[in-house]
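Descriptive analysis of the structure
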Amino acid sequence: MIFGKYINKYYLKNAPILILGLAALILVDYFQLFIPELYRMVINGMNGDPVLVNGQAAVFDMEFLLDQVCRPMIITIIVMVVGRFLWRVCFFGSAIRVVTDLRTCMFAHSKELSQEYYQDNKVGNLMSLYTNDLDTVQECFGDGILMFCDALFLGLLAVIKMWRMNHFLTGLSMIPMAFLMAAGTTLGKYLMKKWEERQAAFSELSDFAQENYSGLAVIKHSSKRRKS
């Protein structure tokens, strides 16, 4: 996710759509945790182990397979398909609207700037703001909200379900998760520095290309005057 002076207002502006997408995301995360339980019943039944339904042993036959496995699986698939389509429309659609509004505001502000501003600031830097920087804002607003909320809710629901099954194994599984969080934090800081370097390089490249194309126009105009 991304926060800032000029971006925070869009969370409130798109709050109803974001809440709808968040509700669809949580619903998908909740239902997809049923899939391992359905697999467990099928594997236990095929291996001849007791199959438990609400704490009671059940006979693993075709009727059980249709009622307790196939029907819940179909319902889960339908909910996941509809929910994923819904949160994609809500999150990514909001991201596109936010970037469109930001680009419109930036362009309107650019028209009000003085000529001295464009003489002191490179055009390549402005081109970088209008292209790469806004694309990054779109990714952070769309994919950032999705990945943050999905990791938060799905991870929390998974840990709760794991804790109910076995406390000891859940505790062991948290050990590599701690290392992953530390590695992700360190890698994130490194990638942020690389992203800043990439933006600076793109700004210089855009400015270099703009100066060269302007130079070509001047050379071409001068050659025409000499011929005439």
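Higher on the page you've got the structure.
Residues numbered from 1 in each chain as written. Predicted model: local features only at pLDDT ≥ 70, side-chain atom pairs only at ≥ 80, totals over all residues. Heavy atoms only, no water.

Right, let's get into the overall build of the protein chain. For the protein chain, the helix and strand inventory stands at seven helices and two strands. In sequence order, the secondary structure elements of the protein chain are arranged as α-α-α-β-β-α-α-α-α. Out of the 228 residues in the protein chain, the part that is buried amounts to 24%. Across the protein chain, the fraction of contacts at a sequence separation of at least 24, relative to all contacts at a separation of at least 6, is 78%. A total of about 16200 Å² of accessible surface is found on the protein chain, and carbon and sulfur atoms cover 68% of it. (Helix = DSSP H or I, 4+ residues; strand = E, 2+ residues; numbered from the N terminus. Buried < 20%, exposed > 50% of the residue type's maximum accessible area, 1.4 Å probe, protein only. Contact = heavy atoms within 4.5 Å. Areas by Shrake-Rupley, 256 points an atom, 1.4 Å probe, with all protein chains shown as cover.)

Opposite charge on two side chains permits them to pair, given that their charged atoms come into close proximity. Inspection of every chain in the model, using the stated rule, returns three salt bridges. In this structure, Arg-71 engages Asp-67 in a salt bridge whose closest nitrogen and oxygen atoms are separated by 3.3 Å. One end of the pair is Arg-71 and the other is Asp-67, both in helix 4 (residues 62-112) and four residues apart, which spans about a single turn. (Salt bridge = Lys/Arg side-chain N within 4 Å of Asp/Glu carboxyl O.)

This brings us to the packing of aromatic side chains. Counted according to the given criterion, the structure contains six aromatic pairs. Plain terms: the ring middles of Tyr-30 and Phe-31 are 5.9 Å apart, the flat faces sit at 85° to each other, and that makes the pair edge-to-face. When the ring of Trp-87 is compared with that of Phe-92, the centres are 6.4 Å apart and the planes differ by 80°; the resulting orientation is edge-to-face. By relative accessible area, Phe-92 is classed as partly exposed at 29%. Each residue in the set Tyr-30, Phe-31 and Phe-34 is aromatic and connected to the rest through ring pairs, giving one cluster. (Phe/Tyr/Trp six-rings, centres within 6.5 Å; stacked < 30°, edge-to-face > 60°.)

In short, shape yes, function no, at least from these values alone.
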